[in-house]
Structure formats: structure tokens, C-alpha cells
Amino acid sequence: MPLAPSLAVPDWMRTPNPVVASGRAPSRWLNQTVAKIRRTYARTIAFESVARARHGVSQMNPVAKAISFLSLLVAASVVRSPEVLAAVAGLGLVSALSARMPLISLLSRVVGSAAFFGLVLAIPVATAWVTPGIEAARLGEIAVTWPGLERGGCLLARLATAILIASVWQSTTRWNDILGSLARLGVPEIFITMAQMTYRFLFILLETLGDMTQAREARQISGYRAQGSRAYAGAGSAILFAKSATTAHEVQMAIEARGGMAKSVLLRNPGWSKTDFVVLAVCLTFLVLSIASGVTHAF
Amino acid sequence: MLFELRDVAFHYEDGTPALNGIDASIAAGDRLVILGANGSGKSTLLRILAGLEFPTGGSIRWDGTDLSEKSLRDASLRTDFRTRVGFVFQNADAQLFNATVQEEIEFGPRQMGLREPEVRERTTDIMRMLGIQHLAERPPFRLSGGEKRKVAMASVLSMNPDVILMDEPFLGLDPRSQSWLLKTLQILSASGKTTILATHTLDLVPQVSDRTWVLDETHHLIADAASVDVLRDLGRLRRANLTALEEATV
């Protein structure tokens, strides 16, 4: 039961605070990391700066680009020849350069993601337990074999190429155009709606997280102890989840209020140019080469 | 002077301006309102005053000392600044990060290193002052909008700051909560606190301020004068997109 506020100022509020001991400086790592993610997200995804700049592959018809890049993604996953894989990766890099993407930032994203997700699989594959063969090195009980290194390396190379292709596609195409072209290619509406929600929601999530870290900084005088950090991480996650649930519920009600799950993505249709046909032909050729390489190469 | 701003500018990384050439100062005990249309830079200016963002041009001084990301790494300045300047965010949801309301209010005094009886005393007093004792054990993120706003305010007041910055404090409050907030702000001012509010609601300005800054849509400070004078100048308010055309010409 709410109680009436007293509106009487306590005595301690009428006097200055006691002298407070200065503690060690709080780490700004979390704030700076969140700010960096927000900036990167805003620059590369929300503002769609590369996609809107209209250079090189950024100008392609979205459907032509979707077929082309999906072909390259399939090619990267089925290819058996290192030469063809290198050519697919090269094509991805040329596409990025044509759209004037910042190459260093792109490569660091690709290498970082491939290492993060790929090493978990590649390291066990390289060992004698998973891939027997001639021993290349030994660390105590763990032996690494030459065929294992080749398979692990191939796995990482394929993953990095796929990430490169997907990054270039995503960065050079407006998000609405990606979803619209996927819808045109027959991807179910429910998937499109979910992807669209995720896109919208990521920004809300990052904004909330940014506000939360700033709010903590505004009241933080000294560095946290481990227990305080754990408590903050736990409560912070709960707030983010609560906020997520509320937002998702509101969006669902807004959709229902407008008549249910109507088609949410409309595709711009700039028409097909000669370049679209040429890029598509090149990508499909690579797809055929990749499939064919499985017949002529053993790994 | 508590705050001195000299040619303060703030631009986002993509070059979008948020503030341009702000020259102004704030003295202890001031009751200041920052008026401006949506996107005029009010919130950015408050965050700069709160030492959470830093100017990309010009400079800001706090109590005679340069206020920058670098200077705030100094333990004594940071401690002095964070204990004397409180910031109530527009988004109360984001401000509340503890498991219960009580812990939320205790966070600040604990950070200040106060002894446990003092922490308890402050928490109890503030909850009584704002009428939120019944929320003590509730998780902050499960409260209503008005309750969250009260808890956010309590969490700042428990640190007994000299300066209270509030971003759009009346936004989304029902009439009774608005009236409560008005009274609270008047009481805080009467007890010597400096209150700085950002808003675009004109009706309440005379009741919570003596002085008003107006930011226009080019992010410049176009007025720094007594609130009654600022509110009388309808042409200027209209230029700042703070009043409707027909309202200004009546």
C-alpha cells in the first residue's frame, strides 16, 4: 500500500557530506567496450553507411546480390579445392574493395570471428585422436598430425571465407533489402519477421546497456570488488531480459493492432543492370567450380 | 561558480552536431531549466555537466577545476565530483541496476564508504520522504513508471549531492506524481541544492526555476535569462520550436 510522502528533508540533507575516502579508480573497460560496440553497430548496421554510399556491389539489385552471395556461401561450404576456396575469398575481398569498405576493420572482424567460433572445432580435429596420421608435433599426451592440421586449417579457412562473404553482403546491403530479397526468394515470412525484430531490438538493447553503464558510472566512486561486479552483472542481465520481454510484447501487440502478421518488408526494385548479370554469372561459376572440385580433390 | 562552460561543442563520431558554442555558467543554489525541442542537445548537455560525456570542443570547469575524462581519473576530483553531482536519467529503467529498491538506494551511500548505520538511516529517511517504504524489497525493474522515477530519484538523493541534474523529470508522470515532484524540487531548492532540469514542457518552468537556458534546433544557446523573461518572449520560443505557431501569435 503506497504511503504518503513526508516531504520533510532529513537533517543530513541540510549539511555537507562527510569527507569521503578516495578509492581506486573504477575501471572504464565496460563503459568503453559498450560505447565501442554501439558506435560500430551504429556505423556499420544502423546507419548502413557503406550500403547507402552506392559504390561497387552496394549498387547491385538486392535479389541479384542475394543469389550471388548465397551462391558464394554455398560454394565456401562445399568446396574441396584450396585454390577455388582462395578464389572465392578473393572475390569477397574484391567485392568489399569495390564498395569501399574499410579493409582492416573487415579483416579483423573476419579473423576474430573465425578464431572465436572455429578454433573450438579446429583444434580437436588437428589431434591424432580425431584425425590419425603422421605426427607433426606432440605436447605431452596430445599429438597433432599432418592430416589433422590440413583438415583443421581447411575448416578455419572455409569458415573465415563464409564470414567474409556474409559480412560483405550485410555491410553493402540495406537490412530491409536483405530481408526483402530473401522473402522474394521464398524464405518463410516468420523467419523474415524474426530477423527484422532482432535487427530493431539489437539497437534498443545496446542503448539500454549503454544507459545502464553510464548510470552506474554516475554513482560510482571507486572500483568494484568481485562480489559487487557479480551482483551488477546478475541484476543488469535481469533488467535487460525484463526490458526485452516488455519490448517484444509491445511489438507483438502493435503487429496485432495493425491486423496481424502482414508482410512487413517491401523490396525496392531498382531493376537489373548488366553488372548484376555479370556478377551473378561469376558467382554461379564459382559455385559450379566448388561442387566440381569435390570430384577431383580428396579432402 | 560551480560550472563554467566555455565555447562547449559536442559532435557525434559521424559528425552530427549536438551542441555548438555554449558559453554559460551555473552558481551554487541556482534553479535552472534547460529548454529545447527534441534533438536540440539538452540531454547531451546534462551528460556533459554530469561528467559522463566530454566536450569535443571548448572546455568545462567544475568548481574551478577542468572537467575532462583525464582529470576525472584523479581519485580526489572524481570522489568530490561524483558525491556532489547527482544525475537522474530520463530512462529510469536504465538507471536502476540493483536487485531490490533498498539495495538501489543503499548503493550510493555504500560507494561513499559511509558506516552501515548511516547507510540505513539515509535509506529509511529517503524512502519515507518519497513515500516508497512499501517498495523496499521489490525489484526495481518490476515497478510502474512513476514508482521507477521515484526510486531513481531516491537513489540519487541518498548520496546527498549539492547539484541535482534531471533529464525530462516530468515526462510520463501522472498529475499527482507531477505535483509530488514539483513539491520535492521546491523543498530541495529551499534546502540549498542546485537543481538543473532539462525539459521541453513550458507549463512547469516558472515553478521549478528562476533561470532558463534555451537551446535552439541548431544546438546553440539562444537565451540565458530569468525564466519569466524567457517565457514572455514568444518569438524566441517559437524559433526554438518550443511553442506552436498559433499559440505564439495569439
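Preceding this section is the structure that the text describes.
Residues numbered from 1 in each chain as written. Chains lettered and ligands numbered in written order. Predicted model: local features only at pLDDT ≥ 70, side-chain atom pairs only at ≥ 80, totals over all residues. Heavy atoms only, no water.

K.L.:
If you had to explain the overall build of chain A to someone new, which residues and values would you point to?
P.N.:
Scanning chain A for helices and strands turns up ten helices and two strands. Listing every helix and strand of chain A by position from the N terminus yields α-α-α-α-α-β-β-α-α-α-α-α. Looking at the 299 residues of chain A, the share that counts as buried comes to 37%. Considering only intrachain contacts with a sequence separation of at least 6, the fraction spanning at least 24 residues in chain A is 75%. (Helix = DSSP H or I, 4+ residues; strand = E, 2+ residues; numbered from the N terminus. Buried < 20%, exposed > 50% of the residue type's maximum accessible area, 1.4 Å probe, protein only. Contact = heavy atoms within 4.5 Å.)

K.L.:
Can you tell me about the packing of aromatic side chains, naming the residues and giving the values?
P.N.:
One pass over the full model with this rule turns up seven aromatic pairs over all chains. Judged by centre distance (5.0 Å) and plane angle (90°), the ring pair of Phe-116 of chain A and Phe-117 of chain A falls under edge-to-face. Both residues of the pair, Phe-116 of chain A and Phe-117 of chain A, count as exposed. On the numbers, 5.2 Å between centres and 40° between planes, the contact of Trp-272 of chain A with Phe-277 of chain A is tilted. We classify Trp-272 of chain A as partly exposed; its relative accessible area is 37%. Taken together, the aromatic side chains of Phe-3, Trp-62 and Phe-81 of chain B make up a single cluster linked through ring pairs. Directly above the aromatic system of Trp-180 of chain B lies the positively charged group of Lys-150 of chain B, at a separation of 5.0 Å from the ring centroid. (Phe/Tyr/Trp six-rings, centres within 6.5 Å; stacked < 30°, edge-to-face > 60°. Lys NZ or Arg CZ within 6 Å of the ring centre and 35° of its normal.)

K.L.:
Tell me about the nonpolar core, residues and numbers included.
P.N.:
If you look at the biggest cluster of nonpolar residues, it comprises 44 residues, and the most contacted ones within it are Ile-126 and Met-153 of chain B. If one sorts the elements of this core by residue count, helix H6 (residues 145–157) of chain B sits on top with six residues. Among residues more than four places away in sequence, those in contact with Ile-126 of chain B are Trp-12 and Met-13 of chain A together with Ile-105, Ala-154, Leu-157 and Ser-158 of chain B. Core analysis: the second largest hydrophobic core is formed by 37 residues, Ala-215 of chain A together with Ile-22, Trp-62 and Leu-67 of chain B among them. (Core = buried A, V, L, I, M, F, W, Y, C linked by side-chain atoms within 4.5 Å.)

K.L.:
So what's going on with the sheet that holds strand E10 (residues 221–226) of chain B? Residues and values would help.
P.N.:
Residue and element names in this part refer to chain B. Taken in spatial order, the six strands line up as E6-E7-E8-E3-E9-E10 in an open sheet, and their pairing is mixed. On the outer flanks of this sheet lie strand E6 (85–88) and E10, each paired with one strand and no other. Averaged over all neighbouring strand pairs, the angle between strand axes comes to 15°, with direction disregarded. For strand E3 (residues 31–36) and strand E9 (residues 211–215), the ladder comprises five bridges, and the chain directions are parallel. Following the sheet pairing, Leu-32 is matched in E9 by Arg-211. Helix-sheet contacts for helix H1 (residues 42–49) involve E3, E6, strand E7 (163–167), strand E8 (194–199) and E9, and the interaxial angle to E3 is about 145°. (Pairing = 2+ DSSP bridges. Axes fitted to C-alpha atoms, helices over the stretch in contact; angles between N-to-C directions.)

K.L.:
So, the pattern of salt bridges: which residues are in play, and what are the values?
P.N.:
Two side chains of opposite charge can pair, provided their charged atoms sit close to one another. All names here are of chain B. Under the defined criterion, the tally for this structure stands at 18 salt bridges over all chains. Put simply, Asp-162 and Arg-84 hold a salt bridge, and the shortest N to O gap is 2.8 Å. A residue pair is termed long-range when its members are at least 10 positions apart, and Asp-162 in the loop between H6 and E7 and Arg-84 in helix H2 (residues 75–84) qualify at 78 residues. Residues Arg-211 and Asp-224 are paired through a salt bridge, measuring 2.9 Å at the closest nitrogen-oxygen approach. In this pair, Arg-211 sits in strand E9 while Asp-224 sits in strand E10, placing the two residues 13 residues apart along the sequence. Where salt bridges share partners, they join Asp-63, Asp-80, Arg-84 and Asp-162 into one cluster. (Salt bridge = Lys/Arg side-chain N within 4 Å of Asp/Glu carboxyl O.)

K.L.:
Which residues make up the pairing of E8 of chain B, and what are the values?
P.N.:
Within a regular strand, the side chains alternate between the two sheet faces. Residue and element names in this part refer to chain B. A large share of E8 lies buried, amounting to six of its six residues. Both faces of E8 are covered, namely the face carrying Thr-194, Ile-196 and Ala-198 and the face carrying Thr-195, Leu-197 and Thr-199. The sheet contact formed by E3 and E8 spans five bridges and is parallel. Looking at the pairing, Ile-34 lines up with Ala-198 of E8. By the bridge criterion, five bridges tie E7 to E8 in an arrangement that is parallel. Pairing of Val-163 across the sheet is with Thr-194, part of E8.

K.L.:
Can you lay out the pairing of E7 of chain B for me, pointing to particular residues and giving the numbers?
P.N.:
Residues and elements named next belong to chain B. With five of five residues buried, E7 is to be regarded as a mostly interior element. Burial of the side chains of E7 extends over both faces: Val-163, Leu-165 and Asp-167 are buried on one face and Ile-164 and Met-166 on the other. Note that E6 and E7 share four bridges and pair parallel. What sits directly across from Val-85, in E7, is Val-163. Handedness of the E7-helix H7 (residues 175–190)-E8 crossover: right-handed. (Right-handed = clockwise from strand over helix to strand, strands pointing away.)

K.L.:
An account of the sheet that holds strand E1 (residues 3–11) of chain B is needed here, citing residue identities and associated values.
P.N.:
Residue and element names in this part refer to chain B. Within the open sheet, the four strands sit side by side as E2-E1-E4-E5. Their pairing is antiparallel. Looking at which strands have only one partner, the edges of the open sheet turn out to be strand E2 (17–26) and strand E5 (65–66). Where E1 meets strand E4 (residues 57–62), five bridges bridge the pair, whose relative direction is antiparallel. Across the sheet, Ala-9 pairs through a bridge with Gly-57, a residue of E4. With respect to the sheet, H1 is in contact with E1, E2 and E4, its orientation differing from that of E1 by roughly 130°. H2 rests against E1, E4 and E5 of the sheet, and its axis sits at about 80° to E4.

K.L.:
Tell me about the packing of helix H5 (residues 103–126) of chain A against helix H6 (residues 146–172) of chain A, residues and numbers included.
P.N.:
Residues and elements named next belong to chain A. Direction vectors running N to C along H5 and H6 enclose 150°, while the axes themselves pass 8 Å from each other. With respect to H6, the axis of H5 lies roughly antiparallel. Of the two elements, H5 crosses H6, and the hand of that crossing is right-handed. Grouping the constituent residues of the contact of H5 with H6 by class yields 17 nonpolar, seven polar and two charged. (Parallel < 35°, antiparallel > 145°, perpendicular 65-115°, else oblique. Left-handed = near helix turned anticlockwise from the far one by under 90°. Nonpolar A, V, L, I, M, F, W, Y, C, P; charged D, E, K, R; others polar.)

K.L.:
Lay out the side chain of Ser-227 of chain B in plain terms, naming residues and giving numbers.
P.N.:
Residue and element names in this part refer to chain B. Looking at the secondary structure, you find Ser-227 in helix H9 (residues 227–232). Given a relative accessible area of 3%, Ser-227 falls into the buried group. If sequence neighbours within four positions are ignored, Ser-227 has contacts with Val-205, Ser-209, Asp-210, Arg-211 and Thr-212.

K.L.:
Please provide a residue-by-residue account of a nonpolar patch on the surface, values included.
P.N.:
On the surface, a cluster of nonpolar side chains totalling about 480 Å² of accessible area is made up of Trp-129, Val-130, Leu-139 and Ile-142 of chain A. We classify Ile-142 of chain A as partly exposed; its relative accessible area is 37%. (Patch = residues over 30% accessible without salt bridge, like charges linked within 9 Å, V, L, I, M, F, W, Y side chains within 5 Å. Areas by Shrake-Rupley, 256 points an atom, 1.4 Å probe, with all protein chains shown as cover.)

K.L.:
Tell me about helix H5 (residues 116–130) of chain B, residues and numbers included.
P.N.:
Residue and element names in this part refer to chain B. The terminal C-alpha atoms of H5, which comprises 15 residues, lie 21 Å apart, in line with the 21 Å expected from a rise of 1.5 Å per residue. Those residues of H5 not exposed but buried are Val-119, Arg-122, Thr-123, Asp-125, Ile-126, Met-127, Met-129 and Leu-130. On its buried face, H5 is in contact with helix H4 (101–111), H6 and H7. Gly-131 lies just past H5 and shows a positive phi near 65°. (Expected span 1.5 Å × (residues − 1).)

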